[in-house]
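Listed below are the residues making up each chain.
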Amino acid sequence: MTTPTTGGGLLLVLTVLLPVVGVLLGLVVGGRHAQRVALVTLLLGLAIAVALTGQLMHSGEAVVYVLGGWSPPLGVALRADGISIVMILAVAVVVAFIAIYACGNFGTPAGVREARRPVMFWLLLLAITGSLNLVFVSGDVFTLYVALELLTFAAVPLVSLDGRAETLQAALRYLLYALLGSMLYLLGIFLLYGAYGTLDIALLAQRIQPETLAWAAAALMTAGLLAKTALFPLHLWLPPAHAGAPAAASAVLSALVIKGAWFLVVRLWFDVFAGVVAPRSMQLLAAMGAAAILIGNVVALQQARLKLLIAYSTVAQIGYLFLMFPLAAGLNAAQLDSAAAVSGGMLQAISHATAKAAMFMAAGLIYVTLGHDRVADLRGVGRALPMTLVAFALGGASLIGLPPSGGFFAKWLLLSAALASMQWWWVAVMIAGGLLTSAYVFMVVVRALQPAEPDWKPRTRVPRYQQGVVLALAVCSFLLGVVAWCPDVTRIGRPGLSVVEAR
Amino acid sequence: MTLALDSALALLFLGLATWTIFARETFASVAGFLPYGLLLTAVWLRLAAIDVAMTEAAIGAGLTGVLLVGAAARLRSTEAAAAAERPRVLTRLLAAIVSIAVAGVVAVCVLLLPPSAPTLAPEVVANIAATGVGNPITAVLLSFRAMDTLLEAVVLLFALIGVWSLAPDRAWGGRPGPAPVSDPNGTLTYLARVLPPIGIVVAVYILWVGADDPGGKFQGATILAAMWLLVLMAGLADAPPVSGRGLRTGLIIGPAIFIAIGCLGAVTAGAFLAYPQGHAKLWIIVIEVALMPSLAITLVLLLVGAPQRAMT
Amino acid sequence: MTSTTFFGLCAAALVGLGCYGLIVNAQLLRKLLAFNLIGHGVFLVCAIIAHRGAADGLGGDPVPQALLITAIVVAFAASALAVALILRLFEETGSASLTRSDGLAKSDTAEQEH
């Protein structure tokens, strides 16, 4: 049985290898040229992502590439359907914004040939981009394991980039959780191979049987991935890690890196284990998500530091991403509703990515201006950084779910799926989450709008372009709801679902 | 008879594993790790996984053991504080429950494996002629699943970048490790003078023979790395500065050539990482020869760690 | 009991031992050792799957064996990164354990360059 390579498949290889080549080149040229290499590579990556989206919509089916000419089960195939390419595009766009923002903080000082922090940041940023793309396009579960490890090795050093003791501890905690997660995932892969003789996702989906071994493999792999995506109660590593990293790094980590593991859970549960997981397990997953939403938001309200508040907000928003599971396999299992839940989940992921990146970058600018990020003493920010405060508010609006933001439309889709499948309890959780989120967003904005002391001056002037970039990204996240009028790309290539114009 | 052998092996390595967990001193625990790794190598041999046994002996037990022993030696001063941090009985009890549960899950899964094991061995044997190599593991690593091997080389590089990012700012671009101290008449110095040429020959042999028999570039690279480490430890040479352009080029040249050959395959043989008909073995050899030095450099640099001495 | 089943149970024991060590030990280097033990347990499961797949004149299924080689190398890279982090933490603080308290509480009062 051969899997054919479809047109445009080479683009899949490029999305993964272009950033890798960028890292190799950047390592050799070093110094301030590494930054230029990174910017050019990320720009090319954005172009490739757009080209891939065009290819997907043109052909109307998943893009497949068989590596080395050897078809699965012997060889490895890359496969990108609608949800993959939507994520690739989102990563490319958000990383581009973060890269422009980071030019202000990670430039090599004049007179120095090479400084550690800048060159490491740019190389690690490229590394994360390549690894995430591999997670999205790989069609083989073992290549996905290697992709997860690549992602971990690229993300952990970003946490400790500043070198302070607490960031080193946070990085170690993150590394231990991530490695344990990888080991559980690897064990699951081996059990699947031992039972079904293949590592290819499409072949596994065909061969898998609802038996104990498959269920055990699913449980192990999911547990490992949940540790990596910091779903409650395995979220303890996330707040210190994301709050301790430099602002641009926090943006990448919170917005993009944790989505990698979540995407894998989606891929596995919907494609490989579709016949194996019971509805009860979906409810369990969503219950942990609900706990994350409620507890994460409540703890966020109590935080004294802005970056920790935003980090706990991430813990909460991850919970929304897991509500889509029981909704997609709803009690009525009507096809259109399950498609709505999947689209809702993907849109939630993307709008959170854009909003959270904007909020972390805004927090970074606030820190630089005030010299601290204590939530209680934010007065004066409104006057000193008007664009940034608007950006923070817009990002917060997307997290709360106000129209026309992407968050609104995503929650709309999830809510309609919940109502259609009569799972009322998730509706209550989403509403409660929205209320709690609005509480701390308003708290931050109101405090920042208070006028400062008469003789207060900003500690450092922040360049205009940084404020502009943060505002632009926040506006994107706020206007993401317009995708309601675009064709629903996430349904392309999904088995059993045809391409349907949304609404 | 075989069960008796297996039981003896299992008893030994499980005993050593228990020692590494329960030993009081960290250094003693790490010291138990090395023989445990070598016994694990024996288990791989018992399970007819010869290439894996070589990799385990080289990297799993060997290099990891060196890494951990070096770290334990540097962390000796934390022993006193660590001894004071004995965990509570409740923690031990909870940990025991969790461990037994997890071990139980794994045991049940092992027992549930289907009696007629699915295998890809027939497919490998059927297709190995097209790859030009005789060793089925090399065929899988460098032809059927070449992407995984490429990504593995990249993983090592990313880990090295991560390790380098941990250098203190003042020492950036400098040399890793402490300054070399050499004892001209010591045994270590003698070995460091005599062994490297032999090691290089053995490494090249293992690389060459890996095409058709157990061996290959990882094992060869580890031997090269070991020889360089020997020289460093004896103080006969100093670690190179990480800002050196030659060093960095050496690091990336292996993966770069691998990617270039992959692109060549995309152009001439129809798919990325495919090889032109009839010339597969040639390109595989080129990749292995290009990767081995880069791998060796990466392995050594991963072991010696982040730069600590600024360039003067 | 065949040798593969026997070693499979040994693998389970290794994973259990590693889990225990990971949870109980406070020192990071011991946690890393325990993690390596878990890894070896998982690798042993793969090796017995490979051995069960012996066919067509080969002593074992080459695909899982190749996966094992990759996994061993990746585990080494992980250990190297972890050791570098532990040593750096030791240089900064003089301790090599994860303290229970959230270290970020100290930064509330300290104001550092970001």
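Residues numbered from 1 in each chain as written. Chains lettered and ligands numbered in written order. Predicted model: local features only at pLDDT ≥ 70, side-chain atom pairs only at ≥ 80, totals over all residues. Heavy atoms only, no water.

## Considering the overall build of chain A
Helix and strand counts for chain A stand at 18 helices and 2 strands. Computed over C-alpha atoms, the radius of gyration of chain A comes to 22 Å, within 12% of the 23 Å expected from 2.2 N^0.38 for 503 residues, which places it in the range of a compact globule. Within chain A, the fraction of its 503 residues that count as buried is 68%. Of the contacts made within chain A by residues no fewer than 6 positions apart, 81% connect residues no fewer than 24 positions apart. As displayed, chain A has an accessible area near 14,900 Å², and 68% of this comes from carbon and sulfur atoms. Of the charged side chains in chain A, 28 are positive and 17 negative; the average position of the first set lies 10 Å away from that of the second. (Helix = DSSP H or I, 4+ residues; strand = E, 2+ residues; numbered from the N terminus. Rg over C-alpha atoms; globule rule 2.2 N^0.38 Å. Buried < 20%, exposed > 50% of the residue type's maximum accessible area, 1.4 Å probe, protein only. Contact = heavy atoms within 4.5 Å. Areas by Shrake-Rupley, 256 points an atom, 1.4 Å probe, with all protein chains shown as cover. Lys, Arg positive; Asp, Glu negative; His and termini not counted. Charge placed at Lys NZ, Arg CZ, Asp CG, Glu CD.)

## A few points about the overall build of chain B
Scanning chain B for helices and strands turns up 12 helices and 2 strands. Overall, chain B is about 65 × 65 × 35 Å in size when its C-alpha atoms are taken along their principal axes. Looking at chain B residue by residue over its 312 residues, the buried ones come to 54%. Within chain B, residue pairs in contact and separated by at least 24 positions form 75% of the contacts whose partners lie at least 6 positions apart. With an accessible surface of roughly 12,600 Å², chain B has 72% of that area assigned to carbon and sulfur atoms.

## What about the pattern of salt bridges?
Residue and element names in this part refer to chain B. Applying the stated criterion across every chain yields a total of 21 salt bridges over all chains. Close ionic contact of Glu 288 with Lys 217 constitutes a salt bridge, the shortest N to O distance being 3.8 Å. Note that Glu 288 is positioned in helix α12 (residues 280-304) and Lys 217 in helix α10 (residues 217-233), a separation of 71 residues in sequence. The same class applies to Glu 288 and to Lys 217, which are both buried. (Salt bridge = Lys/Arg side-chain N within 4 Å of Asp/Glu carboxyl O.)

## Some remarks on the domain arrangement of chain B
All names here are of chain B. When cut into domains, chain B gives domain 1 (1-118) and domain 2 (135-312). Spacing between the C-alpha centres of domain 1 and domain 2 amounts to 27 Å. Across the contact, 10 residues belong to domain 1 and 13 residues belong to domain 2. Note on domain 1 versus domain 2: buried area summed over both sides is about 1,000 Å², and carbon and sulfur give 73% of it. Considering only the side of domain 1, the residues that lose the most area to domain 2 are Asp 51, Met 54 and Leu 63, jointly responsible for 53% of the buried surface there. Inspection of the region where domain 1 meets domain 2 yields 0 salt bridges. Along the contact surface separating domain 1 from domain 2 lie 4 residue pairs in polar contact (both at pLDDT 80 or more). (Domains from an automatic or database assignment. Buried area = accessible area lost by both parts, 1.4 Å probe. Polar contact = N/O pair within 3.5 Å; in protein donor to acceptor, adjacent residues only side chain to side chain.)

## Description of the interface of chain C and chain A
Counting residues at the interface gives 40 residues for chain C and 44 residues for chain A. Roughly 4,000 Å² is buried in total at the junction of chain C and chain A, and carbon and sulfur atoms are behind 74% of that figure. Run the count over chain C and chain A and you get 0 salt bridges. Taken together, the connections running from chain C to chain A amount to 1 residue pair in polar contact (both at pLDDT 80 or more). Elements with a minimum of two residues in the side of chain C that touches chain A: α2 (28-52) and α3 (62-93) of chain C. Broken down by element, the residue count for the side of chain C that touches chain A peaks at 16 residues, all from α3(C).

## Things to note about the packing of aromatic side chains
In total, this model carries 15 aromatic pairs over all chains according to the counting rule given. Between A:Phe142 and A:Tyr145, the ring centres sit 5.6 Å apart and the planes meet at 35 degrees, which makes this aromatic pair tilted. Placement of the pair is A:Phe142 and A:Tyr145 together in helix α5 (residues 141-159), with a separation of 3 residues, close to one helical turn. By relative accessible area, which is 0% here, A:Phe142 ends up buried. With 5.6 Å between their ring centres and 5 degrees between their planes, A:Phe270 and A:Phe325 make a pair best called stacked. Of this pair, A:Phe270 sits in helix α10 (residues 247-272) while A:Phe325 sits in helix α12 (residues 306-328); the two residues are 55 residues apart in sequence, bridging distant segments of the chain. The pair A:Phe270 / A:Phe325 is uniform in exposure class, with both members buried. Among the aromatic residues, those joined into a ring-pair cluster are A:Trp269, A:Phe270, A:Phe322 and A:Phe325. Above the plane of the ring of B:Phe27 lies B:Arg76, whose end atom (NZ or CZ) is 4.3 Å from the centre. (Phe/Tyr/Trp six-rings, centres within 6.5 Å; stacked < 30°, edge-to-face > 60°. Lys NZ or Arg CZ within 6 Å of the ring centre and 35° of its normal.)

## Remarks on the side chain of B:Thr298
Residue and element names in this part refer to chain B. One can find Thr 298 in helix α12. Classification of Thr 298 by relative accessible area gives buried; the value is 4%. Within the structure, the side chain of Thr 298 is placed 2.6 Å from the backbone oxygen of Ser 294, a separation counted as a polar contact. Setting aside residues up to four positions removed in sequence, Thr 298 forms contacts with Leu 156, Leu 157, Leu 160 and Leu 251.

## Topic: the nonpolar core
Residues A:Tyr185, A:Trp262, A:Phe325 and B:Phe13 are the most contacted members of the largest nonpolar core, which totals 359 residues. Counting residues per element, this core draws most heavily on α3(C), at 23 residues. (Core = buried A, V, L, I, M, F, W, Y, C linked by side-chain atoms within 4.5 Å.)

## Examining the pairing of strand β1 (residues 63-66) of chain A
Residue and element names in this part refer to chain A. Every second residue of β1 is oriented toward a common face, with Val 63 and Tyr 65 on one face and Val 64 and Val 66 on the other, all of them buried. The pairing of β1 with strand β2 (residues 77-80) spans 4 bridges and is classified as antiparallel. Paired with Val 66 across the two strands is Ala 77, which belongs to β2. (Pairing = 2+ DSSP bridges.)

## Details of the packing of helix α3 (residues 82-102) of chain A against α10(A)
Residue and element names in this part refer to chain A. Here α3 crosses α10 at 170 degrees, and the two axes come no closer than 10 Å. Our classification of the angle between α3 and α10 gives roughly antiparallel. Where α3 approaches α10, its residues Ile 83, Ser 84, Met 87, Val 91, Val 94, Val 95, Ile 98, Tyr 101 and Ala 102 are matched on the opposing element by Ala 247, Ala 248, Ala 251, Val 252, Leu 256, Lys 259, Trp 262, Phe 263, Val 266 and Arg 267. Counted by class, the contact of α3 with α10 contains 16 nonpolar, 1 polar and 2 charged residues. (Axes fitted to C-alpha atoms, helices over the stretch in contact; angles between N-to-C directions. Parallel < 35°, antiparallel > 145°, perpendicular 65-115°, else oblique. Nonpolar A, V, L, I, M, F, W, Y, C, P; charged D, E, K, R; others polar.)

## Brief notes about the environment of A:Ala428
Residues and elements named next belong to chain A. Looking at the secondary structure, you find Ala 428 in helix α17 (residues 424-449). Note on Ala 428: relative accessible area 48%, which makes it partly exposed. Residues Ala 428 and Asp 377, 51 residues apart in the sequence, show an inter-C-alpha distance of 34 Å.

## So, α10(B)
Residues three or four positions apart in an α-helix share a direction because the helix packs 3.6 residues into each turn. Over its 17 residues, α10(B) runs 24 Å from end to end, which matches the ideal 24 Å to within 8%, given 1.5 Å per residue. α10(B) sits mainly inside the fold: 12 of its 17 residues count as buried. Within the sequence span of α10(B), burial applies to B:Lys217, B:Phe218, B:Gln219, B:Gly220, B:Ala221, B:Thr222, B:Ala225, B:Met227, B:Leu229, B:Leu230, B:Val231 and B:Leu232. In this structure, the buried residues of α10(B) make contact with α3 (50-74), α7 (136-144), α8 (146-164), α9 (187-209) and α12 of chain B together with α3 of chain C. Looking one or two residues beyond α10(B), the residue adopting positive phi is B:Gly235, at roughly 80 degrees. (Expected span 1.5 Å × (residues − 1).)

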